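# Examining the three-dimensional arrangement
Next come the chains, spelled out residue by residue.
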Amino acid sequence: MNQALQLGFRTFINLSSFPVDPRKLGIGRLTPLRGKVMGSKRRSFSNSSSIADQNIDKKLREAIDNDNNTISDNPLLQDIKDDPSKIEAMTIQQLRTALRTAGIPPKGLKRELVSALQSYLAKEIDGAGESSLLADKQDPSSNSDKRISMMMETKSVEDQVQDANSFSKVSKVQQSRRTVKQLQIKGKTVDVNAKMVATEQKKSACASGRMTSLTKKKASSDVDSKYVSAKNRDTLPVNLSEPWTILAHKKPQKGWIAYNPRTMRRSLPTENTKFVKILSWNVNGLRALLKLEGFSAMELAKQENFDVLCLQETKLQEKDVESIKQSLIEGYENSFWACSNTRLGYSGTAIISRIKPLSVRYGLGMSDHDSEGRVVIAEFDSFYLLSVYVPNSGDGLRRLTYRITEWDPSLSNYIKELEKSKAVILTGDFNCAHEEIDIYNPAGNRRSAGFTIEERQSFSTNFLSRGFVDTFRKQNPDVVGYTYWGYRHGARKGWRLDYFLVSDAIADDVHDSFILPDVIGSDHCPIGLVLKL
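What you are looking at is a predicted structure, and each value in this text was computed from that prediction instead of being measured.

Helix and strand content of the protein chain: 20 helices and 16 strands. The burial tally for the protein chain puts 57% of its 533 residues in the buried class. In the protein chain, 74% of the contacts between residues at least 6 apart in sequence involve partners at least 24 apart. As displayed, the protein chain offers around 22,400 Å² of accessible surface, 50% of which is attributable to carbon and sulfur atoms.

Tallying each qualifying case throughout the model produces 21 salt bridges. Between Arg265 and Glu304 there is a salt bridge whose closest N-O contact spans 3.1 Å. Pair noted here: Arg265 is in the loop between α14 (261–264) and β4 (275–282) and Glu304 is in helix α16 (residues 297–304), with a separation of 39 residues, a long-range link. Overall, the relative accessible area of 3% leaves Arg265 in the buried class. In this structure Glu304 comes out as buried when scored by relative accessible area, which is 0%. Linking Arg496 and Asp470 is a salt bridge whose minimum nitrogen-to-oxygen distance equals 2.7 Å. You can see Arg496 sitting in the loop between β13 (479–480) and β14 (498–503) and its partner Asp470 sitting in strand β12 (residues 468–470), a full 26 residues away along the chain.

This part is about the environment of Tyr440. Considering the arrangement of structural elements, one finds Tyr440 in the loop between β11 (423–429) and α19 (453–462). Sequence separation of Tyr440 and Leu247 is 193 residues, and the distance between their C-alpha atoms is 9.7 Å.

When you tally the buried positions in strand β6 (residues 334–338), you get five out of five residues, the bulk of the element. Residues Asn334, Phe336 and Ala338 line one face of β6 and the alternating positions Ser335 and Trp337 line the opposite face, and both faces are buried. Where β6 and strand β7 (residues 349–353) come together, five bridges link them in antiparallel fashion. Bridging across to β7, Trp337 finds its partner in Ala350.

With that out of the way, let us pick up the UniProt feature "binding site: Mg(2+)" (unreviewed entry) in the protein chain. In this structure's numbering, the residues bearing the UniProt feature "binding site: Mg(2+)" (unreviewed entry) are Asn282, Glu313, Asp429, Asn431, Asp523 and His524. Across 243 residues in sequence, these annotated residues keep their C-alpha atoms within 12.8 Å of one another, forming a single compact spot. Among the polar contacts made by the side chain of Asn282, one reaches the main-chain amide nitrogen of Asn284 at a distance of 3.0 Å. Considering the arrangement of structural elements, one finds His524 in the loop between β15 (510–515) and β16 (527–532).

Before going further, it helps to examine the packing of helix α18 (residues 400–418) against α19. It is the contact of α18 with α19, at a shortest axis distance of 10 Å, that shows an interaxial angle of 10°. In terms of orientation, α18 lies roughly parallel with respect to α19. Contacts between α18 and α19 involve Leu400, Arg403, Ile404, Asp408, Pro409 and Ser412 on the former and, on the latter, Glu454, Glu455, Ser458 and Asn462. For the contact of α18 with α19, a count of residues per class yields three nonpolar, three polar and four charged.

What counts and how
Residues numbered from 1 in each chain as written. Predicted model: local features only at pLDDT ≥ 70, side-chain atom pairs only at ≥ 80, totals over all residues. Heavy atoms only, no water. Helix = DSSP H or I, 4+ residues; strand = E, 2+ residues; numbered from the N terminus. Buried < 20%, exposed > 50% of the residue type's maximum accessible area, 1.4 Å probe, protein only. Contact = heavy atoms within 4.5 Å. Areas by Shrake-Rupley, 256 points an atom, 1.4 Å probe, with all protein chains shown as cover. Salt bridge = Lys/Arg side-chain N within 4 Å of Asp/Glu carboxyl O. Pairing = 2+ DSSP bridges. UniProt positions renumbered as here; feature names shortened; annotations may be inferred. Polar contact = N/O pair within 3.5 Å; in protein donor to acceptor, adjacent residues only side chain to side chain. Axes fitted to C-alpha atoms, helices over the stretch in contact; angles between N-to-C directions. Parallel < 35°, antiparallel > 145°, perpendicular 65-115°, else oblique. Nonpolar A, V, L, I, M, F, W, Y, C, P; charged D, E, K, R; others polar.

Right under this line is the structure:
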């Protein structure tokens, strides 16, 4: 592994530059490990919109938008669509060949070619139906200021507000020089310019005791624990740098409110309470995440100070694992990785922990299910923890039958066996939005992978009906909070696909189950769980 990658991974887990607040945790060897940190260099990043993407010229964008070729007409494009992970591995010449085949001018550096090809695939997929949930994801750098401007001019008033929020990090010029036209809030039409927005943000930040940047929100893990009534939440100031605080749903029901981590997250338990803090994140390619400008994993670690981190869709190969393990700093030496053997650079899960597990297992013990590196199991003193990446039913629902008749029941039976000896925490990307509140456009996605009736029934039958509790929904029954947003959708029109499910026996010990919608770098955001021991 090259030096840059090693540095990137050190950045991912280095907690040395912030004060550690030791907790009295009831897990073997945990307390001494929490105090072990060592220094390392930090990497600095800019915003999440890459410079290369901003340089894609007008003709290339028009070609992507106007091209009439279809993927099904060409075997080369169809092959890429079936396995989108191939795009990142393609050479420049291969990328140019694919773009010419699609009728798109093959201009620019490799990143621009990759973004153009991914955008073309997304366009073709969108043509078949809005928001079809696929295993492949586009590069977040594919959104430029020009495209944002075009969307702002054509979308509805509600979408304009959401788009302005979603892209506040890459549209600083627009915020400072343009007027946000005629935003409708609660039926009243008001003119809001960038200066007023900035003023409101500063007022809001000062009221909470900290200054918040227009381009970056740095949250504290100790969020105000006071519960805010639905009425009060509705009257909170609209912060255009926090789009998730604006309710985004096609058909919201009475009483539904948007998830706001500033007000809905609970402060950590008191000093005398033993607890463990676990984060889970589908990173959609770990190496790509660590190289992404605008993302600093160090800041995430500083912000959350987690004990265990579960990852999904790492897209690592086995040959990479040892180098990564050697790069781990003191305090997080315990890491366990499952990689796909059948499709290299695909799927993959991991558990990184400052707590040494009692035992570790990989897979479900079934060859039919264990070739794609989708499960890692770590046993701790009082529970089993599983990091899981559930198979996507895929384009055309080609894996739906396998998903609901084989995978889900096998996983369910496996965790029920584990539960005979101790409680189970199951976390990861389940590739299923369980209820209509969990997806922006339920009516338009009845036959989309991730929201079919078959997948939703399977989720209920194999997990909820067998005694596992959806911790976020239990804590927030009427809250609209998403964890996945397709890059091709401008606004925060998302899905809740990532879960912490726990055995009913420890459901009441869950102190907090939360979402971190402000963390960028993947098409998913992290989720978290605080469990009292």
